[in-house]
Every structure is written in structure tokens, then in C-alpha cells.
Amino acid sequence: MNQKTDLETGLNVMKTKREQFRVEIRKEKLQKIIEGKRHLQVEDEEGDEAEYKAMTKEQRALIIKEKSGNVKRLLDEESFKELLNEVRILRKTLVHCDESETRVFIQTGCVPHLIKLLQPMYDRFPDLQVEASWIIMNIASGDTQETEFLVRVNVLPALAELLLSPTERIVEHVLGALANIVGDSLNLRDIVLDTKGVLPGLLVLLDRYSKLSVKVKRGVIFLASNICRGEPYPPYEQVDFGIVEKSKFCRSIRCWST
């Protein structure tokens, strides 16, 4: 009897470790895509980005604290042109920050203001939403502590609203953020699944799959595959809206699941 119990315990431990390893692999794959996106930005604005990369941690910390304070003030003043410039500088600075610097940014209290910019009332400022969603996506690619922070400050409803944004770059960032959150843990996966608008929005994107750009397709595959992975699996009736059955991309999902 004890031998059987020990065997079952050992198998459960191995199963848990295997799932944890799979989570890390999924996050590593998505991180490579995010890093590729960052490198493209460096090529687009080489001189500008090089300036931020060459800064010391202390210099970046000063910029983060200054610009974070400006974001709240300019948002209250509805000075959107100046606000776009401040948020863009924040994004360019944060791209080169490590986890400790990202936590400094989180502690400034700026993230809830960025989430506010993702709400429908600011849809008339797509450039602002591109920059804000980009920062959110990069934070979501961090460790569990940072991912859970985003969920606590209620980022999920705002992301769900933007899944069907007419601006492709916003959709790309939203998919990346959601895929990172879903891939972090089973608990966060279930929270995302319970968020109103996420599954219906993803279903619409799946229906439009053949018309999507390559980058958005990639984001759809990451999010759908992360939702369909992990044990225990999500209730079938909850995800029975075509994710697995969509023949146009389920082969791609199987590739990412390995």
C-alpha cells in the first residue's frame, strides 16, 4: 500500500514539474517574439533607441519617475499630444530595463493610468493606445509577480475591449499580453477565461483568421494554444467555440504545443 502511495506521489511530482517546464518553454517562445519586435524598433529608430540603451540604471530610473508623474498630470489635463510623447519615452526606456527597474516603474503608480488609456473613451487616440498596450505587453512578459500585478489592477477587461480594435498594432500587443498572462499559470489562465469578452473576441479573430496579418495570426496562435494547454484542462464547454477545430491553424497550434 505504501509503495503504491509513494509511486503515485512520485508521478504527481513529475507531472507538476513537467507542466512547470512547459510553462517556462511557452513563455520563452513568446519572449523571443517580443524581443524580435523590440529589435525591429531599434532598427526603425536606431539613434534614438541607442541613446536609451546606453543610459545607466540611475539615469533610466530618473526618467521613469519623471515621466510616470507627467503621465498622470497630462491625463488629468487632457493634454494628449504631450501625453503621447511622455508615454512613448517611457516605453523606449522600459524596453531596456531589467526586472528590478520594471518594479520601480510599477511602484510609481503609473500602470493604472496606462490601463485607463486602453478604455473605449480613448479609442480616438490610437497612437496612445499603441504605446500603452506595448508597455502592458512588456510587463506581462515578466515574472509571475509582475503578471499577477497586472491582473490585480484590472488590466483584463481593458485588454478584452481592445481585442477587436481596428488598429492592428494594438491587437498584436493585446494578444501578446493575454498570451503571457494565460501562459504564466493555470490559475491566471482560468481568470482570463472568466473575463468577459476574451473568448468572444478571440472567436471573432479566429473567424477572420485568413484575413489577418502574419503578426496578428502569430498572436492568435499563441493565445489559443496557451488556453488549450495545461492540466487540468479548461472545461470543454468553456472553450468549445472553435479554437481546436479551426482547421486553418490547428496544425500550428499543435506545433506550438510540443
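Residues numbered from 1 in each chain as written. Predicted model: local features only at pLDDT ≥ 70, side-chain atom pairs only at ≥ 80, totals over all residues. Heavy atoms only, no water.

(A) Spatial organisation of the packing of helix H5 (residues 99–107) against helix H8 (residues 144–152). Closest axis-to-axis distance for the H5/H8 pair is 11 Å, and the angle between their directions is 20 degrees. What the angle tells us is that H5 and H8 run roughly parallel. Considering only the axes of H5 and H8, their crossing is left-handed. Residue-level contacts link Glu99, Thr102, Arg103 and Ile106 of H5 to Gln145, Glu146 and Phe149 of H8. Residues that form the contact of H5 with H8 fall into these classes: 2 nonpolar, 2 polar and 3 charged. (Axes fitted to C-alpha atoms, helices over the stretch in contact; angles between N-to-C directions. Helix = DSSP H or I, 4+ residues; strand = E, 2+ residues; numbered from the N terminus. Parallel < 35°, antiparallel > 145°, perpendicular 65-115°, else oblique. Left-handed = near helix turned anticlockwise from the far one by under 90°. Contact = heavy atoms within 4.5 Å. Nonpolar A, V, L, I, M, F, W, Y, C, P; charged D, E, K, R; others polar.)

(B) Up close: helix H9 (residues 155–162). Most of H9 is tucked away, with 6 of its 8 residues classed as buried. Burial in H9 covers these residues: Val155, Leu156, Ala158, Leu159, Ala160 and Leu162. Turning to H9, the residues buried within the fold contact helix H6 (111–117), helix H7 (126–140), H8, helix H10 (168–184), helix H11 (186–193) and helix H12 (198–207). (Buried < 20%, exposed > 50% of the residue type's maximum accessible area, 1.4 Å probe, protein only.)

(C) Spatial organisation of the environment of threonine 102. If you trace the backbone, threonine 102 turns up in helix H5. On the basis of relative accessible area, threonine 102 is assigned to the buried category, the value being 12%. For the pair threonine 102 and alanine 61, spaced 41 residues apart in the sequence, the C-alpha separation amounts to 9.4 Å. Ignoring anything within four residues of it in the chain, the contact list for threonine 102 reads Cys97, Ile139 and Glu146.

(D) Region of the structure containing the nonpolar core. In this structure, Phe105 and Leu159 are the most contacted members of the largest nonpolar core, which totals 64 residues. If sequence neighbours within four positions are ignored, leucine 159 has contacts with Leu118, Ile136, Val174, Ala177, Leu178 and Ile181. (Core = buried A, V, L, I, M, F, W, Y, C linked by side-chain atoms within 4.5 Å.)

(E) How the structure looks around the packing of aromatic side chains. Considering all chains together, one arrives at 2 aromatic pairs under this definition. Between phenylalanine 80 and tyrosine 122, the ring centres sit 6.0 Å apart and the planes meet at 65 degrees, which makes this aromatic pair edge-to-face. Here phenylalanine 80 is found in helix H4 (residues 80–94), whereas its partner tyrosine 122 is found in the loop between H6 and H7, with 42 residues between them in sequence. Here the two residues phenylalanine 80 and tyrosine 122 agree in accessibility, since each one is buried. Among the aromatic residues, those joined into a ring-pair cluster are Phe80, Tyr122 and Phe125. Lysine 217 extends its terminal NZ or CZ atom over the ring of tyrosine 209, reaching a point 5.3 Å from the ring centre. (Phe/Tyr/Trp six-rings, centres within 6.5 Å; stacked < 30°, edge-to-face > 60°. Lys NZ or Arg CZ within 6 Å of the ring centre and 35° of its normal.)

(F) Inspection of unusual backbone geometry at higher detail. Its identity is not glycine, yet glutamate 78 carries a phi of approximately 60 degrees, on the positive side. Secondary-structure assignment places glutamate 78 in the loop between helix H3 (57–77) and H4. Under the relative-accessibility criterion, glutamate 78 is labelled exposed at 55%.

(G) Spotlight on the packing of H12 against helix H13 (residues 214–228). The interhelical angle for the contact between H12 and H13, taken along N-to-C directions, is 130 degrees, at an axis separation of 11 Å. Viewed along their axes, H12 and H13 adopt a mutual orientation that is oblique. The two elements H12 and H13 cross, and the hand of that crossing is left-handed. Note on element contacts: H13 touches H12 through Val220, Leu223, Ala224 and Ile227, opposite Leu199, Leu202, Leu205 and Leu206.

Just distances and angles here, no functional claims.
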